Amino acid sequence: MYDPSQLRSFLAVAQALSFTQAARRLGLRQSTVSQHVRRLEDATGRALFTRDTHSVELTEDGEAMLGFAHRILDVHEQAAAFFTGTRLRGRLRFGASEDFVLTRLPEILERFRSDHPEVDLELTVELSGVLHERLAAGELDLVLAKRRPEDQRGEPVWRDELVWIGAERLRLDPGRPLPLIVFPPPGITRALALEALERQGRSWRIVCTSGSLNGLIAAARAGLGVMAHSRDLIPPGLVRVERAGLPELGRVDFVLVHGRRRTSADSAADALAAAIMAGGDRLHRRSATPRPAR
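Note that this is a predicted model, so its numbers are computed, not measured. (Residues numbered from 1 in each chain as written. Predicted model: local features only at pLDDT ≥ 70, side-chain atom pairs only at ≥ 80, totals over all residues. Heavy atoms only, no water.)

**Q** Looking at this model, I keep getting lost on the packing of aromatic side chains. Mind explaining?
**A** Two measures describe an aromatic ring pair: the distance that separates the ring centres and the angle between the ring planes. Following the criterion strictly, the structure yields 5 aromatic pairs and no others. Measuring from centroid to centroid gives 6.0 Å for Phe100 and Trp158, while their planes differ by 80°, and the two rings are edge-to-face. A residue pair is termed long-range when its members are at least 10 positions apart, and Phe100 in the loop between strand E3 (90–97) and helix H5 (105–115) and Trp158 in strand E6 (residues 155–166) qualify at 58 residues. The class of Phe100 is buried, set by a relative accessible area of 3%. Here a set of aromatic residues connected by ring pairs shows up, and it is made of Phe10, Phe19 and Phe49. (Phe/Tyr/Trp six-rings, centres within 6.5 Å; stacked < 30°, edge-to-face > 60°. Helix = DSSP H or I, 4+ residues; strand = E, 2+ residues; numbered from the N terminus. Buried < 20%, exposed > 50% of the residue type's maximum accessible area, 1.4 Å probe, protein only.)

**Q** Sorry, what's going on with the pairing of strand E4 (residues 119–126) here?
**A** Side-chain positions along a regular strand alternate between the two faces of the sheet. Taken together, the 8 bridges between E3 and E4 define a ladder with parallel strand orientation. Looking at the pairing, Phe94 lines up with Leu123 of E4. (Pairing = 2+ DSSP bridges.)

**Q** What should I look at first to understand the environment of Ala220 in this one?
**A** Along the chain, the position of Ala220 falls in helix H8 (residues 213–221). As a C-alpha pair, Ala220 and Gly166 span 54 residues in sequence and 5.3 Å in three-dimensional space. Dropping the residues within four chain positions of it, Ala220 is found in contact with Gly166, Ala167, Ile181, Gly225, Met227 and Leu238. (Contact = heavy atoms within 4.5 Å.)

**Q** Is there a simple way to explain the side chain of Ser230 in this structure?
**A** Mapping Ser230 onto the fold places it in strand E9 (residues 227–230). For Ser230, a relative accessible area of 1% translates into the label buried. With residues near it in sequence (within four places) discarded, Ser230 still touches Asp160, Glu161, Leu162 and Phe254.

**Q** Would you take a moment to explain the pattern of salt bridges for this structure?
**A** Once the charged atoms of two side chains with opposite charge are near each other, the side chains can pair. Here the structure, examined in full by the defined rule, presents 14 salt bridges. Salt-bridge contacts for Glu41 lead to Arg51; the nearest nitrogen and oxygen are separated by 3.2 Å. A residue pair is termed long-range when its members are at least 10 positions apart, and Glu41 in helix H3 (residues 30–44) and Arg51 in strand E1 (residues 49–51) qualify at 10 residues. (Salt bridge = Lys/Arg side-chain N within 4 Å of Asp/Glu carboxyl O.)

Scope: geometric values only; no functional claims are made or implied.
Structure representation (structure tokens):
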């Protein structure tokens, strides 16, 4: 009933919320992507998107179709792999940013391991800056991490706004240096936060440094200070800190970057990258919007 090519176009639009970006990601014309979505809507008898000249948003039926589309494509790919007899093999060294510790990335990796049992997947969780360095050194084959605004490497998975977060009971004294909770260098979020404060001329002091996201979250929940973090990935127990005169942090891209050296892991890396791009919406924490701290 539902054509896999139409489902792939639907998922790409749902992830990018843009027909133009979805077409670029899929290597198709925008008119083709629009036609795929229109035919899928005809097949379901429901509108999956509301769209105008400025925005594209999922409808309630579109949200429901997300789960069905993922499952249909998963089964389709499993059947194709079984009957064609293709088997990916080899060692795949995959690096993921600390930002994804609390997301649904493990579900994507679990399905990948189930679909490709003969791939030896080695996972490294580190700071984005460290992962980029290890990729350049040939120590990793594929990386899912943040990149700095001026960096053009990698395929965008999604773009998010960086915001200040902290404990709901936190109160900041404007007359004292801002208490900061940060990753150690070369953390990208750390660098962007310090650069924003320097531009504003705001004084600051570091009250906690940890290479572990869980360590930073614990310090923030204890009310030690504020930290810069992705708006869509705010951990439970923390809220966005607003109305404290803090500088804007801008946006950050989460990207997939392949190693430059050709290795036996290339096919496995391509397959994992495709799985992450197809399931990119699962990497967003879908929770109620936290109330801002004052």
